[in-house]
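Below are the chains, spelled out letter by letter.
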Amino acid sequence: MTRASKLKPGSTPALIIPAIPKPDVPGRLAALKTATTPDLKQMWRELFGAEPPPYNRRFLESRLSYRVQELAYGGLKPETLQRLAALGEQIDGRNITLRRIRQDQRPITGTRLIREYQGVEYVVTVTRDGFDWQGRPYQSLSAIARAITGTRWNGWLFFGLRKASA
């Protein structure tokens, strides 16, 4: 099931992703486990109509499995989406910074970010409230990047979660 939206005059139509037949769902879900990462990224492009995020394989598999089921059986009801948005507002306390991080597809809790800098490997773990490096909590990746390098860095760029703009 896909949603149709009204186009503004002068805009181009969005990519229409066809529904997946219900009998195909088990086979597609099973194929995710044996697919290579490049294959998963290609499936992402086909099912989402966008470039895949730079996250780990487990994330891609879980989001693709949800998307396959969503296209076959339909997505969440509007009431459920509204309820989830309301719960999200309660969690982030209407804090615009937290909301922006959530919208920017912050890595899932437990993800380990690994960066080699000047011959030393640094490992940062994503936590529910921010990030953990060397047993200390941090609110941002930029603070960790600054602690590592001694200079100001965009943390998302330093850890390779975002590409440098030209």
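Residues numbered from 1 in each chain as written. Predicted model: local features only at pLDDT ≥ 70, side-chain atom pairs only at ≥ 80, totals over all residues. Heavy atoms only, no water.

## Digging into the overall build of the protein
To keep it simple, the criterion reads: Working definition: helices are DSSP H or I runs of at least four residues, strands are E runs of at least two. Numbering for both runs from the N terminus. Burial classification: accessible surface area is computed with a 1.4 Å probe over protein chains only, and a residue below 20% of its type maximum counts as buried, one above 50% as exposed, and the rest as partly exposed. Contacts: residue pairs with any heavy atoms within 4.5 Å of one another. Every accessible area reported is derived by Shrake-Rupley at a probe size of 1.4 Å, with residue values counting cover from the shown protein chains alone.
Of the regular secondary structure elements, the protein holds seven helices and four strands. Counting all 166 residues of the protein, 27% fall into the buried class. Long-range pairs, those at least 24 residues apart, make up 36% of the contacts in the protein between residues at least 6 apart in sequence. Accessible surface for the protein amounts to roughly 11800 Å². Of this, 54% is attributable to carbon and sulfur atoms.

## A few points about the sheet that holds strand 4 (residues 136-138)
Our working rule: A pair of strands counts as paired when DSSP detects no fewer than two bridges linking them. To get an axis, fit a line to the C-alpha atoms, keeping to the stretch in contact for a helix; angles then go from 0 to 180 degrees between the N-to-C directions.
Across the sheet, which stays open at both edges, the four strands sit in the order 1-2-3-4 with antiparallel pairing between neighbours. Each end of this open sheet is capped by a strand with a single partner; those strands are strand 1 (112-117) and strand 4. Across this sheet, the average inter-strand angle for adjacent strands is 30°, counted without regard to direction. Where strand 2 (residues 120-126) meets strand 3 (residues 131-133), two bridges bridge the pair, whose relative direction is antiparallel. Residue pairing across strands places valine 126 opposite phenylalanine 131, the latter belonging to strand 3.

## What to know about the confidence of the model for the protein
So the rule is basically this: Confidence of the predictor at the level of single residues is captured by pLDDT, which takes values from 0 to 100.
On average, residues of the protein carry a pLDDT of 81, and 81% of them reach 70 or more. Confidence drops under pLDDT 50 across residues 1-8; counting only partners more than four residues distant or on other chains, this segment forms eleven contacts.

## Comments concerning the packing of aromatic side chains
The cut-off we apply is this: Working definition: rings of Phe, Tyr and Trp (its six-membered ring) pair if their centres are within 6.5 Å, and the pair is stacked with planes under 30 degrees apart, edge-to-face with planes over 60 apart, and tilted otherwise.
For the coordinates displayed, the defined rule picks out eight aromatic pairs. With a centroid separation of 4.1 Å and an interplanar angle of 25°, the aromatic rings of tryptophan 44 and phenylalanine 48 are classed as stacked. Taken as a pair, tryptophan 44 and phenylalanine 48 lie in helix 2 (residues 37-48) at a separation of four residues, close to a single helical turn. Relative accessible area serves as the criterion here: at 22%, phenylalanine 48 is assigned to the partly exposed category. Ring geometry for phenylalanine 158 versus phenylalanine 159: centroids 5.0 Å apart, planes at 85°, classification edge-to-face.

## Quick notes on the nonpolar core
Convention followed: Put simply, buried Ala, Val, Leu, Ile, Met, Phe, Trp, Tyr and Cys residues joined by side-chain atoms within 4.5 Å make one nonpolar core.
Val124, Leu141, Ile144, Ile148 and Phe159 are the most contacted members of the largest nonpolar core, which has 31 residues in total. At the level of secondary structure, the elements contributing two or more residues to this core comprise helix 1 (25-34), helix 2, helix 3 (57-73), strand 1, strand 2, strand 3, helix 6 (141-149) and helix 7 (155-158). Per-element tally for this core: the top contributor is helix 3, with six residues.

## Some words on unusual backbone geometry
Positive phi values are uncommon outside glycine, yet glutamine 118 reaches one of about 50°. The backbone of glutamine 134 shows a phi angle near 55°, a positive value even though the residue is not glycine. With respect to the helices, strands and loops of the structure, glutamine 134 is situated in the loop between strand 3 and strand 4.

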